[in-house]
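# A structural walkthrough
Below, each chain spelled out in residue letters.
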Amino acid sequence: LVDIQKEQIKILLHIIPGILAASDLIFTTDSVAGSDEMVLVIFLNENDETAAGVGIWFKSTLQYMIGWCAPWLNFPANLPSAVNKVWRISYNQQTQNIKIYCNGVL
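## Considerations on unusual backbone geometry
One non-glycine residue, aspartate 36, lies in the positive phi region at around 65°. Along the chain, the position of aspartate 36 falls in the loop between strand S2 (25–29) and strand S3 (38–44). In the Ramachandran plot, asparagine 103 falls in the positive-phi region, its phi being about 50° despite a non-glycine side chain. Assignment of secondary structure puts asparagine 103 in the segment after strand S8 (97–102). Since its relative accessible area comes to 31%, asparagine 103 is described here as partly exposed.

Here it is as structure tokens:
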């Protein structure tokens, strides 16, 4: 179990079905590594129920999680070090593949 305080959740987005199939989701953060802030993107099904999600956690080493049953994993070492980050989440409906880009780096 992860103990996160509400004030540490920086962005909470609810994405309705089909949005990522049509275009990528792009957002910015100014959180720093070690702040313990978190970005959550929640995917809703056609009944407006939580179906899946993507999380970005600003621990001392930035981590990500795809789906609620998956473990938190460290981002690759080549993640840009800039404080201001532009994130892009893309979803391929055919392959059901989610990709997370940070400042253009996959």
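## Some thoughts on the pairing of S3
With seven of its seven residues buried, S3 lies for the most part within the structure. Relative to strand S4 (residues 50–57), S3 runs antiparallel, the two being bridged by seven bridges. Note on S4: the bridge partner recorded for leucine 40 is glycine 55. Counted along the chain from S3 to the antiparallel partner S4, the turn is five residues long, and its residue aspartate 48 has a positive phi close to 60°.

## Thoughts on the pairing of S4
Of the pairings in the sheet, the one linking S4 to strand S5 (residues 63–66) comprises four bridges and is antiparallel in character. Counted as the bridge partner of glycine 55 is methionine 65 from S5.

## Some thoughts on the environment of serine 60
Locating serine 60 in the fold gives a position in the loop between S4 and S5. Considering only alpha carbons, one finds serine 60 and alanine 33, 27 residues apart in sequence, at a separation of 4.9 Å.

## Quick notes on the environment of glycine 55
As for its position among the elements, glycine 55 is in strand S4. For the pair glycine 55 and leucine 40, spaced 15 residues apart in sequence, the C-alpha separation works out to 4.5 Å. Once residues within four sequence positions are removed from consideration, glycine 55 is found in contact with Val39, Leu40, Gln63, Tyr64, Met65 and Trp72.

## Looking at the confidence of the model for the chain
In this model, the chain carries an average pLDDT of 77, and 79% of its residues clear a pLDDT of 70 or more. Between the elements of the chain, mean pLDDT differs from a low of 52, seen in strand S1 (residues 9–15), to a high of 94, seen in strand S6 (residues 73–74). Considering only residues more than four positions removed or in separate chains, one finds that residues 1–9, a stretch of pLDDT under 50, has twelve contacts.

## Section: the packing of aromatic side chains
A complete count under the given rule lists four aromatic pairs for this structure. Note on tyrosine 64 and phenylalanine 75: the rings are 4.9 Å apart at their centroids and 50° apart in plane angle, and the pair reads as tilted. Separated by eleven residues along the polypeptide, tyrosine 64 in strand S5 and phenylalanine 75 in the loop between S6 and strand S7 (85–92) bring together distant segments of the chain. Overall, phenylalanine 75 belongs to the buried group, its relative accessible area being 10%. A network of ring pairs unites the aromatic residues Phe58, Tyr64, Phe75 and Trp87 as a single cluster. Sitting over the ring of tyrosine 101, arginine 88 keeps its end group 3.9 Å from the ring centre.

Reading guide: rules and limits
Residues numbered from 1 in each chain as written. Predicted model: local features only at pLDDT ≥ 70, side-chain atom pairs only at ≥ 80, totals over all residues. Heavy atoms only, no water. Helix = DSSP H or I, 4+ residues; strand = E, 2+ residues; numbered from the N terminus. Buried < 20%, exposed > 50% of the residue type's maximum accessible area, 1.4 Å probe, protein only. Pairing = 2+ DSSP bridges. Contact = heavy atoms within 4.5 Å. pLDDT = per-residue confidence, 0-100. Phe/Tyr/Trp six-rings, centres within 6.5 Å; stacked < 30°, edge-to-face > 60°. Lys NZ or Arg CZ within 6 Å of the ring centre and 35° of its normal.

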